[in-house]
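One letter stands for each residue in the lines below.
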Amino acid sequence: MRACVNSGSRVKMSTRMTHHDLLIVGAGLAGMRAAIAALTHQPQLDVALLSKVHPVRSHSVAAQGGINAALGENDSWEAHAFDTTKGGQYLGDQDAIEAMCREAPADILDLERMGVIFSRDERGRIAQRPFGGAGFPRTCYAADRTGHALLHAMYEQLLKRQIRVYEEWYVTSLIVDDGACRGVVAWDLLHGGLHAIGAKAVIVATGGSGRVFLTSTNAVINTGDGMALAYRAGAPLEDMEFVQFHPTTLKDTGILITEGARGEGGYLLNTLGERFMKNYAPEQMELATRSAVSLAIGQEIAEGRGVDGCVLLDLRHLKRQRILERLPQIRELAIEFAGVDPIESPIPVRPGAHYQMGGVQTNQWAETELPGLYAAGECACVSVHGANRLGGNSLLETIVFGRRAGVRAAESVRGAASRLPSGGTLELEQARIAMLMANKGSERPWQVRDELGKVLSLHLGIFRTQKSMTEAGDKVRELKARATRVVLQDRGNVFNTDLIQALELQALLDVAETIVAGALAREESRGAHYRSDFPRRDDANWLRHTLASRTPDGPSLRYQRVTVTRFPPK
Ligand SMILES: Cc1cc2nc3c(=O)[nH]c(=O)nc-3n(C[C@H](O)[C@H](O)[C@H](O)COP(=O)(O)OP(=O)(O)OC[C@H]3O[C@@H](n4cnc5c(N)ncnc54)[C@H](O)[C@@H]3O)c2cc1C
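Residues numbered from 1 in each chain as written. Predicted model: local features only at pLDDT ≥ 70, side-chain atom pairs only at ≥ 80, totals over all residues. Heavy atoms only, no water.

A. Main features of the sheet that holds strand 19 (residues 380-381). If you walk across this open sheet you meet the 5 strands as 19-17-12-20-21, and the pairing is mixed. Each edge of the open sheet carries a strand with a single partner, namely strand 19 and strand 21 (554-561). Helix 14 (residues 497-521) contacts strand 12 (237-238), strand 20 (544-551) and strand 21 of the sheet and is inclined by roughly 55° relative to strand 21. (Pairing = 2+ DSSP bridges. Helix = DSSP H or I, 4+ residues; strand = E, 2+ residues; numbered from the N terminus. Contact = heavy atoms within 4.5 Å. Axes fitted to C-alpha atoms, helices over the stretch in contact; angles between N-to-C directions.)

Set out below in structure tokens:
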């Protein structure tokens, strides 16, 4: 990989190609789980991971509240599947939901064997807290730092198996040859330079795209790269219009205040000091589904019962000891970023962009429409979350479908001959980057990114209408053109974050155009997609998945039936 050449103004690129049996793009929970599963299944396999940040800096590390599994004596995987289906407003594919909920308990025990230290109940069993939309307390947790506990345990397993990781490498394109995915083109951040890495199969596990919105609970690296990579390579994106707004984020920063805070008994209050959820969901109150609570908060604020653009999350009655034991990180975040100590005062919160229910379309075994390409974790749409994800189901998805992706991809490459792709993609990517490096304009990548974030926050937030989304669509088209002309101040090779941001911006824009197109076309309200001009759910016409494929003129949409097994839509 050292044979990097720099010819005149051309971008450095390697002339030698490395090859692996299986290459996984993304080293969050889904990617690492896939690597471990592939090697457990086929110990001789040459598996490598590639990540734009060090694995333990992946966004999974930020997960707070927990991971779901029906472990309780009176709970059942069928009840978990029902809650998931209902919470997703019947848009999830029930065969995939059943697989996830049935396999969850064994996966949690596997995680524990791998070294995850879950919080315990008074009898010493894995403790479980109630979460929104769940009929039973089935969210396992490690205080309010569950993602941290999971990701570090998984990383230890990676080290134990000495799995090769390309740390701080950025994938710019998938290599598609003869109708199949045969590797990636990636930029080595530390040294600069483009490299082609061949593989018999590729799994994308690149996480979410929350950064299409201006404020979001997501890390700044969550730019939807994998969704854009697959979309450009010809694999459709599914149900992209369904973006979850988490009800409780801090006002200015968008930092998440976990649902676990309400699971532990926290209340939501309006400016009148009233627990307003009684007017929206009298039975579930604060633990209604996220889309229901976000809409309620949005309405309270819109009708003048908010507090400085927020409502209040009151934890004071939980008392000091419980807050310190169960929600220590939440307390720290509230003190640091909102200046309030929840032991003494309520926390001002408002809904914020949090999670992409859509993603690269896959079946239950993480296979996409493009042979050789698999997807798992938040970047994929299996689809288990339907129109609204239940808290605690996303970590579960990364584990169950990361494992399934690893197993299926390992099976598919067994005995397959290595085949070096015929090239071409590397040169195309070199030309794309050379063009960016040579741009002479004055607009910087962050300016376009900021504008995109504002437009989506304004027009594709919790309330949507045809008029405002049409405006957003026009703007996204304009920004796409501008994004190719942005000017880089850093034209060097070593740790060129300016270049990476320009590439991420192009991914964000591809993702944004599919969100807008899907949302404009879907003339109903369901889960996280609420249209003031079509306020009702319409099963007769819209109980179907949106599939967006890329064309030179923007996304082309088609629709696919939802799989219903045991729970008919109600
Ligand atoms: C603040 C917060 C709290 C959350 N809390 C919970 C919770 O309590 N329970 C729950 O179920 N869910 C929770 N979620 C959601 C859940 O954490 C995520 O959906 C899940 O962790 C995503 O995991 P992943 O493996 O798919 O992706 P990530 O963990 O995001 O990893 C993505 C990986 O892809 C790599 N990557 C991306 N693009 C490229 C590229 N172009 N080239 C190379 N590498 C690339 C990154 O470097 C990274 O390694 C939370 C999310 C947030 C933001």
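B. Main features of the site of the ligand. Residues in close proximity to the ligand total 38 residues, the closest being Ser58, His59, Ser60, Glu378 and Ser394. Taking Val53, its main chain carries an N or O atom lying 3.4 Å from an oxygen atom of the ligand. In the model, a nitrogen atom of the ligand is placed 2.8 Å from a nitrogen or oxygen of the Gly66 main chain. If the ligand stood free it would expose 1,000 Å²; the protein chains cover 98% of that surface. When residues of the shell around the ligand are traced back to their parent elements, those giving at least two are helix 1 (29-41), strand 4 (47-51), strand 9 (169-177), strand 16 (347-356) and helix 10 (393-413). Across the shell around the ligand, the residue classes break down as 15 nonpolar, 19 polar and 4 charged. (Near = heavy atom within 4 Å. Polar contact = N/O pair within 3.5 Å; in protein donor to acceptor, adjacent residues only side chain to side chain. Areas by Shrake-Rupley, 256 points an atom, 1.4 Å probe, with all protein chains shown as cover. Nonpolar A, V, L, I, M, F, W, Y, C, P; charged D, E, K, R; others polar.)

C. Local environment of the confidence of the model for the protein. Taken residue by residue, the protein gives an average pLDDT of 95. The fraction at 70 or more is 98%. Contacts of residues 1-8 to residues separated by more than four positions or lying in other chains number 19 contacts, the stretch itself having pLDDT below 50. (pLDDT = per-residue confidence, 0-100.)

D. Fine view of the sheet that holds strand 13 (residues 243-250). If you walk across this open sheet you meet the 4 strands as 13-16-15-14, and the pairing is antiparallel. In this open sheet, the two edge strands, each paired with only one partner strand, are strand 13 and strand 14 (267-269). Neighbouring strand axes in the sheet, compared pairwise and without regard to direction, differ in orientation by 45° on average. Relative to strand 15 (residues 311-314), strand 14 is paired through 3 bridges, and the arrangement is antiparallel. Among the inter-strand pairings, Leu268 is bridged to a residue of strand 15, identified as Leu313. Along the sheet, helix 7 (residues 290-302) contacts strand 13, strand 14, strand 15 and strand 16; its crossing angle with strand 13, the most-contacted strand, is approximately 60°.

E. Representation of the nonpolar core within the structure. Ranked by internal contacts, the top residues of the largest apolar core, which has 71 residues, are Leu50, Val184, Trp187, Leu373 and Leu456. No other element matches the 12 residues that helix 14 contributes to this core. Each of domain 1 (2-243 + 355-413) and domain 3 (424-535) gives at least three residues to this core. Counting 60 residues, the second largest nonpolar core, distinct from the first, contains Val165, Ala201, Leu395 and Ala410. (Core = buried A, V, L, I, M, F, W, Y, C linked by side-chain atoms within 4.5 Å. Buried < 20%, exposed > 50% of the residue type's maximum accessible area, 1.4 Å probe, protein only. Domains from an automatic or database assignment.)

F. Highlighting the state of the cysteines. Evaluated as defined, the whole model comprises 0 disulfides. Cys140 takes part in no disulfide bond, and the closest cysteine sulfur, belonging to Cys101, lies 13 Å away. For Cys379, which is in no disulfide, the shortest distance to another cysteine sulfur is to Cys381 and amounts to 11 Å. The class for Cys379 is buried, based on a relative accessible area of 0%. (Disulfide = S-S within 2.5 Å.)

G. The arrangement of helix 10 in detail. Here helix 10 contains 21 residues, and its C-alpha end-to-end distance of 29 Å stays within 8% of the 30 Å for a straight helix at 1.5 Å per residue. With 18 of its 21 residues buried, helix 10 lies for the most part within the structure. Remark: Gly415 follows helix 10 within two positions and exhibits a positive phi of approximately 80°. (Expected span 1.5 Å × (residues − 1).)

H. Representation of the environment of Glu264. One can find Glu264 in the loop between helix 6 (260-263) and strand 14. Judged by its relative accessible area of 6%, Glu264 falls in the buried class. Measuring from C-alpha to C-alpha, the distance between Glu264 and Asp95 comes to 32 Å, with 169 residues separating the pair along the chain. Not counting residues up to four positions away in its chain, the partners in contact with Glu264 are Arg129, Tyr141, Leu318, Arg322, Arg326 and Leu327. Within polar-contact distance, the side chain of Glu264 engages the side chain of Arg326 at 3.0 Å.

I. Structural context of the packing of aromatic side chains. Taken as a whole and assessed by the stated rule, the structure comprises 6 aromatic pairs. For the pair Phe213 and Phe245, a centre-to-centre distance of 5.3 Å together with 85° between the ring planes defines the contact as edge-to-face. Remark: Phe245 occurs in strand 13 and Phe213 occurs in the loop between strand 11 (194-204) and helix 5 (225-233); sequence separation between them is 32 residues. Each member of the pair, Phe213 as well as Phe245, carries the same accessibility label: buried. Relative to Tyr530, the ring of Phe463 has its centre 5.9 Å away and its plane inclined at 80°; by these criteria the two rings are edge-to-face. Taken as a pair, Phe463 in the loop between helix 12 (445-459) and helix 13 (466-483) and Tyr530 in the loop between helix 14 and helix 15 (539-542) lie far apart in primary sequence, 67 residues in all. Classification of Tyr530 as partly exposed rests on a relative accessible area of 22%. (Phe/Tyr/Trp six-rings, centres within 6.5 Å; stacked < 30°, edge-to-face > 60°.)

J. Layout of the pattern of salt bridges. For the structure on display, the rule yields 50 salt bridges. Ionic contacts of the salt-bridge type, sharing partners, join the residues Glu241, Arg522, Glu524, Arg526, Arg537 and Asp539 into one network. (Salt bridge = Lys/Arg side-chain N within 4 Å of Asp/Glu carboxyl O.)

K. Representation of the side chain of Asn222 within the structure. Turning to its location among the elements, Asn222 is positioned in the loop between strand 11 and helix 5. Excluding anything up to four places from it in sequence, Asn222 contacts His59, Gly208, Ser209, Gly210 and Arg211.

L. Inspection of the pairing of strand 10 (residues 180-188) at higher detail. Within strand 10, 9 of the 9 residues are buried, which leaves it mostly tucked inside the rest of the structure. For strand 9 and strand 10, the ladder comprises 8 bridges, and the chain directions are antiparallel. Note that in strand 10 the partner of Val176 across the bridge is Cys181. Counting the residues in the hairpin turn of strand 9 and strand 10 gives 2 residues, including Asp178, whose phi is positive at 55°. Where strand 10 lies against strand 11, 5 bridges are found, and the strand directions are antiparallel. In the sheet register, Gly183 faces strand 11, and the bridge partner there is Gly198. What sits between strand 10 and strand 11 in their antiparallel hairpin is a turn of 5 residues, with Gly192 showing a positive phi close to 80°.

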